[in-house]
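Chain residues, written in single-letter form:
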Amino acid sequence: MVSSSKKIIVFYDQNYIGNLKALFDSVVPAHPEWDVFWLVDSLHSIKHFPKSTNVIIRGQQQTDYVMRKCDFLFQDKFHMSYPRSLRKDTPIINLWHGVGLKNVELDNPITGSLSERVMARYIHSSYIYRRQTYFVSTSTFMTEHFEKSMILDHSKFIEVGMPRLDLVNRKPKKISDDDIILWAPTFRDTGDFETILPINRVESLLEVLSTNNLFMIFSPHPNMRKDDKFKQFVKLTKKSVNIKIVGEDEDIYDYLSNIKYSIIDYSSIFYDLVYLGFDKFIRYIPDYEEYSKMQVEIQKNYFSDTYGLVVRTIEQLLAKLGDINEVDLIDNEQKSIILKKYFNRQVTHPSQLIIENMAGIKKVTSHNVRGLYSFNANDLNPNKVGQLSINNKVIILHFDKNEKKINLTNISEFFIKSGETVTDFYKRIFYIELKKYEFDFWCHYGSNSSVDDIIPRRYGIQTNSYLGTLNQKKRVSLLQIFSPKRIGIYKDDRIFESSLENTPKILRNLFDLKIMIIKWLYWGKRP
């Protein structure tokens, strides 16, 4: 039940981990006068949460009501889209998920695997990012780092630090009496797990751990879990008493109090570990030259802004694990510099200050929506261009580099380059020609099914066929009502929610009943 008189707070993520978990665990016992919910997009995510968590699912009728009444929404990343029922005046506080050197968001390498997803997110949800979002930072340096790679005003940053770095209220999970070493690799664009650990060396790793009385906690990047070689690694280590692989629904910060050594590469967890005093590191970077080509900040500052013994091959790493000299793993002078640069605004109990900051955040005032309209030069309607350019940005795209420029007043024109794919052309427009994306949506006109519809639609650009589907006012199909996951066109959040709005109440009730049954299946046997 939702009380109409209570403040409504919503946490939004698929997993119960990190900064959101830390803040949630502080808010719930401290503020019984609030109604606190955790929003997830998919039914599959329910299994990650304790039974006591008030989980709501996207598409549920209760979710619509909660989002319309929501006073604050907390997240630890920018989502691709948000429920349609979320009001445009609801403040959103982004706790983020790490500090460090890596280029993020709009500074992601344009050729990297994340660039297309980031582009799609900003085109989908630019209004919410720019107008409604506040961002928690750990230092003045990190505020500058994030500000240049996002579309937030400087006034939207809250410099109090990350809740997950307050370990006071955590109950540490002890898993071994041996010396514990954490290995927390980041994700590679190549997605190749064997870059860091060839499968034929897993047995050697387990032997080194056993021989030297070491216990390893392996904390993979979420994207790493999809790699077939990683799955093979999980199977090979399943029966070992010297290694634990952190599960998808586990929080690595619950295990940190036992860490003695850490193997790191380019992951932001290095900085968290330094702050928390777990300060002995082996920097295992077998692919530094390749990785740093994609990450300019890593290339410029990695060796000055990290410390620890550097090893380049799996053989060197195994040898070092067999003969650890702590003197090689710590640099107190560098540690002091890092703490000052990355955590000069981190407070001891950030959750408390974040909650106090909420009182000073006013509801977001509405803004005029400003769109970006692009036209295929071959399908140009000058009258429509003139009308749209009054309150919006209009550009003309030439998919043939030999076409002549049209030269309309105050209208920018962009030409595809020799050897450039249509996909890369759209990415160049977004990342380079437009600089920081400052529009609330992007709508494209043209009649070519590939360049004007299939490709731009992949990035959340509104096209004729997409708008046609969205405006059909169809209800959700019976197949989708009973399916445990999104299917077909309903994988698009906007089409899914638009269709739900046109679905008879009896079918909405059946959808909600399905959710209740799946919750019971996941939670029924839990205490």
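Residues numbered from 1 in each chain as written. Predicted model: local features only at pLDDT ≥ 70, side-chain atom pairs only at ≥ 80, totals over all residues. Heavy atoms only, no water.

Peer 1: Kindly report on a positive patch on the surface, identifying the contributing residues and their values.
Peer 2: Judged by side-chain charge, Lys231, Lys235, Lys238 and Lys239 come together as a positively charged surface patch. Relative to the assigned elements, Lys239 resides in the loop between helix H6 (228-237) and strand S10 (243-245). (Patch = residues over 30% accessible without salt bridge, like charges linked within 9 Å, V, L, I, M, F, W, Y side chains within 5 Å. Areas by Shrake-Rupley, 256 points an atom, 1.4 Å probe, with all protein chains shown as cover. Salt bridge = Lys/Arg side-chain N within 4 Å of Asp/Glu carboxyl O. Lys, Arg positive; Asp, Glu negative; His and termini not counted. Charge placed at Lys NZ, Arg CZ, Asp CG, Glu CD. Helix = DSSP H or I, 4+ residues; strand = E, 2+ residues; numbered from the N terminus.)

Peer 1: Mind laying out the packing of helix H7 (residues 269-276) against helix H11 (residues 332-343), listing which residues take part and the relevant values?
Peer 2: The geometry of a pair of packed helices is captured by two quantities: the angle between their axes and the separation between those axes. Running from N to C, H7 and H11 point in directions that differ by 110°, and their axes come no closer than 10 Å. One way to sum up the angle between H7 and H11 is to call them roughly perpendicular. Here H7 runs over H11; the crossing is left-handed. Here H7 contributes Phe270, Tyr271, Asp272, Val274 and Tyr275 to the contact with H11, which in turn contributes Lys335, Ile338, Leu339, Tyr342 and Phe343. In terms of residue class, the contact of H7 with H11 is built from eight nonpolar, no polar and two charged. (Axes fitted to C-alpha atoms, helices over the stretch in contact; angles between N-to-C directions. Parallel < 35°, antiparallel > 145°, perpendicular 65-115°, else oblique. Left-handed = near helix turned anticlockwise from the far one by under 90°. Contact = heavy atoms within 4.5 Å. Nonpolar A, V, L, I, M, F, W, Y, C, P; charged D, E, K, R; others polar.)

Peer 1: How would you explain the nonpolar core if you had to name every residue and give the values?
Peer 2: The nonpolar side chains of a soluble globular protein tend to be buried with one another. If you look at the biggest cluster of nonpolar residues, it comprises 84 residues, and the most contacted ones within it are Tyr122, Tyr426 and Trp442. Once residues lying within four places of it in the same chain are set aside, the contact partners of Trp442 are Met119, Ile123, Leu372, Ser374, Tyr426, Ile429, Phe430, Tyr437, Gly460, Ile461 and Gln462. One finds Ile158, Met358, Ile361 and Phe511 within the second-largest nonpolar core, a separate group that totals 38 residues. (Core = buried A, V, L, I, M, F, W, Y, C linked by side-chain atoms within 4.5 Å. Buried < 20%, exposed > 50% of the residue type's maximum accessible area, 1.4 Å probe, protein only.)

Peer 1: Can you explain helix H4 (residues 140-147)? Please cite residues and give values.
Peer 2: Within H4, the full set of buried residues consists of Met142, Thr143, His145 and Phe146. Seen from one end, H4 has its buried residues packed into an arc of 160°, which puts them on one side. (Arc of directions from axis to C-beta.)

Peer 1: An account of the environment of Gly100 is requested, with residue identities and associated values reported.
Peer 2: Structurally, the position occupied by Gly100 is in the loop between strand S5 (92-94) and helix H3 (115-132). When the C-alpha positions of Gly100 and His145 are compared, they lie 8.9 Å apart, and in sequence the two are 45 residues distant. Other than its neighbours up to four places away in sequence, Gly100 contacts Met142, His145, Tyr271 and Tyr342.

Peer 1: Got a sec to walk through the environment of Ile285? Specific residues and values, please.
Peer 2: Considering the arrangement of structural elements, one finds Ile285 in the loop between strand S12 (281-284) and helix H8 (288-294). For Ile285, a relative accessible area of 0% translates into the label buried. Between the alpha carbons of Ile285 and Val311 there is a distance of 6.5 Å; along the sequence they are 26 residues apart. The contact partners of Ile285, leaving out residues within four places of it in the chain, are Asp265, Tyr266, Tyr302, Phe303, Val310, Val311 and Arg312.

Peer 1: Before we move on, could you go through the packing of aromatic side chains and cite the residues and values that matter?
Peer 2: Describing an aromatic ring pair means giving the distance of the ring centres and the angle of the ring planes. Within this structure, the stated rule accounts for 49 aromatic pairs. When the centroid spacing of 5.8 Å and the interplanar angle of 45° are considered together, the rings of Tyr16 and Phe49 count as tilted. A residue pair is termed long-range when its members are at least 10 positions apart, and Tyr16 in the loop between strand S1 (7-12) and helix H1 (18-30) and Phe49 in the loop between strand S2 (34-40) and strand S3 (55-57) qualify at 33 residues. Given the relative accessible area of 0%, Phe49 is considered buried. Aromatic side chains Trp38 and Phe49 sit 5.1 Å apart centroid to centroid with 65° between the ring planes, which places their arrangement in the edge-to-face category. Highlighted residues: Trp38 in strand S2 and Phe49 in the loop between S2 and S3, separated in sequence by 11 residues. Neither residue differs from the other here; Trp38 and Phe49 are each classed as buried. Taken together, the ring pairs in this structure connect Phe78, Trp96, Tyr122, Tyr129, Phe135, Phe146 and Phe157 into an aromatic cluster. One Lys or Arg, Lys156, reaches over the ring of Tyr134 and ends 5.2 Å from the middle of that ring. Above the face of the Phe496 ring, Arg486 is positioned so that its terminal group lies 4.0 Å from the ring centre. (Phe/Tyr/Trp six-rings, centres within 6.5 Å; stacked < 30°, edge-to-face > 60°. Lys NZ or Arg CZ within 6 Å of the ring centre and 35° of its normal.)

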